[in-house]
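As a plain string of letters, each chain reads:
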Amino acid sequence: MQPAAIYSRIKENADASKKMLAFLVDPDKAEDAYLEKLCELAAAQSVDIFLVGGSLLTGGDLEACINKLKSLSTIPVIIFPGSPSQISESADALLFLSLLSSRNAEMLIGQQVVAAPYLYKCNIEVISTAYLLIDGGKQTTASYISNSTPIPADKSEIAAYTALAGQYLGMKQIYLDAGSGALNNIPSDLIKAVSEKIDIPLIVGGGIDNHDKIKAAHDAGADIVVIGNALEKGLKIFD
Ligand code: 1GP
């Protein structure tokens, strides 16, 4: 396993209140021309991280997608895996997720045990991440595939204490996700409630498709804001 260079950078930035932006790339939708445009936009917007992965890959090539990003950009590439099959040594790091919002043992620890032997052989930084799905107004692929109920968006206290439990368990960061293409992004009061309870980095994503929403999430306490779907739709989110 690699030393924790990527996580150290994330933690240092979070501790210094230097807000970060991540672009999420779905390998199923990663044509070369799209990745080239994405890398140009990422450079122009000083993007900090590329996340690569998906709840369900249906034909995309994770390895090729990572290699293409690495050939076009020096921005770190972190795998955001939807399953233990999404592991590649070509990436800089991997989010080792446990779905703490669920009560599904398979998503809390089962899949992690399946992934562990592969990661053991891999020269890649592994970042323990408490993953919390928050209701975003419609069922998302993530909640369907994980067979889990998201935390209601108006139950800030449940989210905050679930995140704190993750921190007490030794997890290195919290990821609050309304799911890709969520109708509603995560409300600022929920982000704030979580951020006030924890002192590890906070990642927020799902349904964030314009500059105001990015700013609102950062202002509420998100250290890293993730943008996925809006990029694929070609929305001019930074105009
Ligand atoms: C989903 O948090 C990410 O897991 C990003 O969501 O695709 O809606 O931006 P969007």
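S.K.: Break down empty space enclosed by the protein for me, citing the residues and quoting the values.
M.R.: Across all of its chains, the model carries two cavities of 30 Å³ or more by this definition. For the largest cavity, the full set of lining residues is I10, A22, I49, L51, I78, L95, Q173, I203, I224 and V226. Mapped onto the lining of the largest cavity, the elements with two or more residues apiece are β2 (49–52) and β8 (224–227). Classifying every residue of the lining of the largest cavity by side-chain character gives nine nonpolar, one polar and no charged. Of the pockets and cavities examined, the second largest cavity occupies roughly 40 Å³. Its residues assigned to classes, the lining of the second largest cavity comprises four nonpolar, three polar and two charged.

S.K.: Kindly report on the sheet that holds strand β1 (residues 20–25), identifying the contributing residues and their values.
M.R.: Strand order in the closed barrel made by the eight strands is β1-β2-β3-β4-β5-β6-β7-β8, with parallel pairing throughout. Pairwise comparison of adjacent strand axes, ignoring direction, gives a mean angle of 30° for this sheet. Sitting on the sheet, helix α7 (residues 188–197) touches β6 (173–177) and β7 (202–205), and the angle it makes with β7 is about 165°. Each of β1, β7 and β8 touches helix α8 (residues 211–220); the most contacted strand, β8, lies at about 155° to it.

S.K.: Go over a nonpolar patch on the surface, please, and point to the residues and values.
M.R.: On the surface, L56, Y144 and I145 cluster together into a nonpolar patch covering about 320 Å² of accessible area. Along the chain, Y144 falls in helix α5 (residues 141–145). For Y144, a relative accessible area of 59% translates into the label exposed.

S.K.: Describe unusual backbone geometry, naming the residues involved and giving the relevant values.
M.R.: Unusually for a residue other than glycine, S46 sits at a positive phi of about 50°. Structurally, S46 is set in the loop between α2 (32–44) and β2. By relative accessible area, which is 53% here, S46 ends up exposed. Residues other than glycine seldom take positive phi values, yet N147 does so here, at roughly 50°. Structurally, N147 is set in the loop between α5 and α6 (156–168).

S.K.: Any details on the side chain of S156? Residues and values, ideally.
M.R.: On the secondary structure map, S156 appears in helix α6. Its relative accessible area of 14% is what places S156 among the buried residues.

S.K.: Got a sec to walk through the nonpolar core? Specific residues and values, please.
M.R.: Most often, soluble globular proteins have nonpolar side chains that are buried together. Within the largest apolar cluster, 81 residues are counted, with the highest numbers of intra-cluster contacts made by F23, F50, L51, L176 and I227. Ranked by residues supplied to this core, first place goes to β1 with six residues. Excluding residues that lie within four positions of it along the chain, L51 makes contacts with A22, F23, L24, V25, I78, F80, L95, Y175 and V226.

About the cut-offs
Residues numbered from 1 in each chain as written. Predicted model: local features only at pLDDT ≥ 70, side-chain atom pairs only at ≥ 80, totals over all residues. Heavy atoms only, no water. 1 Å grid on protein atoms, 1.4 Å probe; cavity = no way out; pocket = protein on both sides within 12 Å on 5 of 7 lines; lining within 4 Å. Points joined across faces, edges and corners; volume = space filled by probe spheres on them. Helix = DSSP H or I, 4+ residues; strand = E, 2+ residues; numbered from the N terminus. Nonpolar A, V, L, I, M, F, W, Y, C, P; charged D, E, K, R; others polar. Pairing = 2+ DSSP bridges. Axes fitted to C-alpha atoms, helices over the stretch in contact; angles between N-to-C directions. Contact = heavy atoms within 4.5 Å. Patch = residues over 30% accessible without salt bridge, like charges linked within 9 Å, V, L, I, M, F, W, Y side chains within 5 Å. Areas by Shrake-Rupley, 256 points an atom, 1.4 Å probe, with all protein chains shown as cover. Salt bridge = Lys/Arg side-chain N within 4 Å of Asp/Glu carboxyl O. Buried < 20%, exposed > 50% of the residue type's maximum accessible area, 1.4 Å probe, protein only. Core = buried A, V, L, I, M, F, W, Y, C linked by side-chain atoms within 4.5 Å.

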